[in-house]
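# An overview of the molecular structure
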Amino acid sequence: MGAMSAFSLQFFCFAVMATALLITPAQANHPHWGETVPYSSPPEKMTKLHFYLHDNLIGSNQTGFRIAEAAITNSSSTFFGATFMVDDPLTEGPDPESRLVGRAQGLFGASGMNETSLIMGLSLVFTADKKFNGSTISVFTRNAVTYTEREFSIVGGTGFFRFARGFISAKTYWTNGFNSIIEWTCTVVHN
């Protein structure tokens, strides 16, 4: 039994040494899991986009669905706490049959207890042409839906819109309370 223990100890020591030798070169190339390095930003440009968002919470062409609610949602005049997941089409014109330029995918929740307002987290995913195809703009903002005109913040982007920031001027084109067509004019600053 003593010989087996000595062999096991020798094997264990060999395994530890071999592992240490294998790990050391990798750590030498990447000494830190995160480091700050100098960065020079490429010249910035501004892109303006104009399209219409079609948000349909009821009917046969529904694009948004309630996924959660608070205990008080159904008794609240503002639907406080209702949370929706959306995949809304973005079109060139206000007609739902006009050319599709992308989709607004994400969620919004009724965030106002005394005023109808939403908190929105959306990715605008563009699909219309080679220049913007697959690129996104990230929107995280408050939306006071009872106002005809409002402004949203752009907090990021990917692809063509990498390092995006800016704002969106939104204007209600049409609504019946549950379904809406919103005109969006985006001013995007990006690399």
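You'll find the structure just up there.
The structure contained in this document is the topic of the report that follows. Fair warning: this is a prediction, and the values are worked out from it, not measured in the lab.

Turning to the pattern of salt bridges, a few remarks are in order. Under the defined criterion, the tally for this structure stands at five salt bridges. When the shortest N-O distance is used, the salt bridge between Arg103 and Asp87 registers 2.7 Å. Taken together, the residues span a long stretch of sequence, with Arg103 in strand E4 (residues 100–110) and Asp87 in strand E3 (residues 83–91) at a distance of 16 residues. Here Glu115 makes a salt bridge to Arg142, at a shortest N to O gap of 2.7 Å. Highlighted residues: Glu115 in the loop between E4 and strand E5 (118–126) and Arg142 in strand E6 (residues 136–143), separated in sequence by 27 residues.

A word on the nonpolar core. Residues Leu49, Phe51, Leu124, Phe126, Ile137 and Trp184 are the most contacted members of the largest nonpolar core, which totals 30 residues. Broken down by element, this core gets its largest block of residues, five residues, from E5. If we ignore the near neighbours within four places in the chain, the residues touching Leu49 are Phe126, Phe132, Ile137, Phe161, Trp184, Thr185, Cys186 and Val188.

Bringing the environment of Leu90 into the picture now. Residue position: Leu90 is located in strand E3. Once the C-alpha coordinates of Leu90 and Phe51 are considered, the two residues, 39 residues apart in sequence, prove to be 6.2 Å apart. Beyond its immediate sequence surroundings of up to four residues, Leu90 is in contact with Phe51, Tyr52, Leu53, Arg99, Leu100, Val101, Gly102, Arg103, Ala104, Leu124 and Phe126.

With respect to the element layout, Asp55 can be found in strand E1 (residues 45–56). Within the buried set, Asp55 has no salt-bridge partner at all; the shortest N-O distance to an opposite charge, 8.5 Å, is to Arg150. The contacts of Asp55, once residues within four sequence positions are left out, are Thr63, Val86, Asp88, Phe108, Phe178, Asn179 and Ser180.

Turning our eyes to something else, we now look at a nonpolar patch on the surface. A cluster of nonpolar side chains, contributed by Ile58, Phe79 and Phe178, occupies part of the molecular surface with about 280 Å² of accessible area. Within the secondary structure layout, Ile58 lies in the loop between E1 and strand E2 (64–68).

The backbone of Phe79 sits at a positive phi, close to 60 degrees, despite the residue not being glycine. Within the secondary structure, Phe79 sits in the loop between E2 and E3. The partly exposed category is assigned to Phe79, whose relative accessible area is 41%. Although it is not a glycine, Phe163 sits at a positive phi angle of roughly 65 degrees. Looking at the element boundaries, Phe163 is found in the loop between strand E7 (149–158) and strand E8 (165–175).

Scanning all chains against the criterion turns up ten aromatic pairs. Measuring from ring centre to ring centre gives 5.1 Å for Phe132 and Phe160, while their planes differ by 70 degrees; the resulting arrangement is edge-to-face. Remark: Phe160 occurs in the loop between E7 and E8 and Phe132 occurs in the loop between E5 and E6; sequence separation between them is 28 residues. On the basis of relative accessibility, which here comes to 23%, the residue Phe160 falls in the partly exposed class. With a centroid separation of 5.3 Å and an interplanar angle of 20 degrees, the aromatic rings of Phe132 and Phe161 are classed as stacked. Of the two residues, Phe132 is situated in the loop between E5 and E6 and Phe161 in the loop between E7 and E8; the sequence distance between them amounts to 29 residues. There is no split in this pair, since Phe132 and Phe161 are both buried. Taken together, the ring pairs in this structure connect Phe51, Phe126, Phe132, Phe152, Phe160, Phe161 and Trp184 into an aromatic cluster.

The rules behind these values
All chains use their own residue numbering, which begins from 1 and follows the written sequence. Note on the predicted model: pLDDT of at least 70 is required for a residue's local features to be given, and 80 or more for side-chain atom pairs to be given and counted; whole-chain, interface and lining totals, by contrast, use all residues. By convention in this description, side-chain values take in all heavy atoms of the structure and omit both hydrogens and water. The salt bridge definition used is simple: a Lys or Arg side-chain nitrogen within 4 Å of an Asp or Glu carboxyl oxygen. Counting from the N terminus, the helices are DSSP H or I runs at least four residues long and the strands are E runs at least two residues long. To define a nonpolar core, start from buried Ala, Val, Leu, Ile, Met, Phe, Trp, Tyr and Cys residues and group those joined through side-chain atoms within 4.5 Å. Note on exposure labels: buried denotes an accessible area under 20% of the residue type's maximum, exposed denotes more than 50%, and partly exposed covers the range between, all computed with a 1.4 Å probe on protein chains only. Pairs of residues are marked as contacts when any of their non-hydrogen atoms sit within 4.5 Å. Counted charges follow a simple rule, with Lys and Arg positive, Asp and Glu negative, and His plus the chain ends left uncounted. Candidate patch residues must exceed 30% relative accessible area and have no salt bridge, after which like charges are joined if within 9 Å and Val, Leu, Ile, Met, Phe, Trp or Tyr side chains if within 5 Å. Where accessible areas are quoted, they stem from the Shrake-Rupley method and a 1.4 Å probe; at the residue level, only the protein chains shown are allowed to cover. To pair, rings of Phe, Tyr and Trp, with the six-membered ring standing in for Trp, must have centres within 6.5 Å; the planes then decide the type, stacked if under 30 degrees apart, edge-to-face if over 60, and tilted in the middle.

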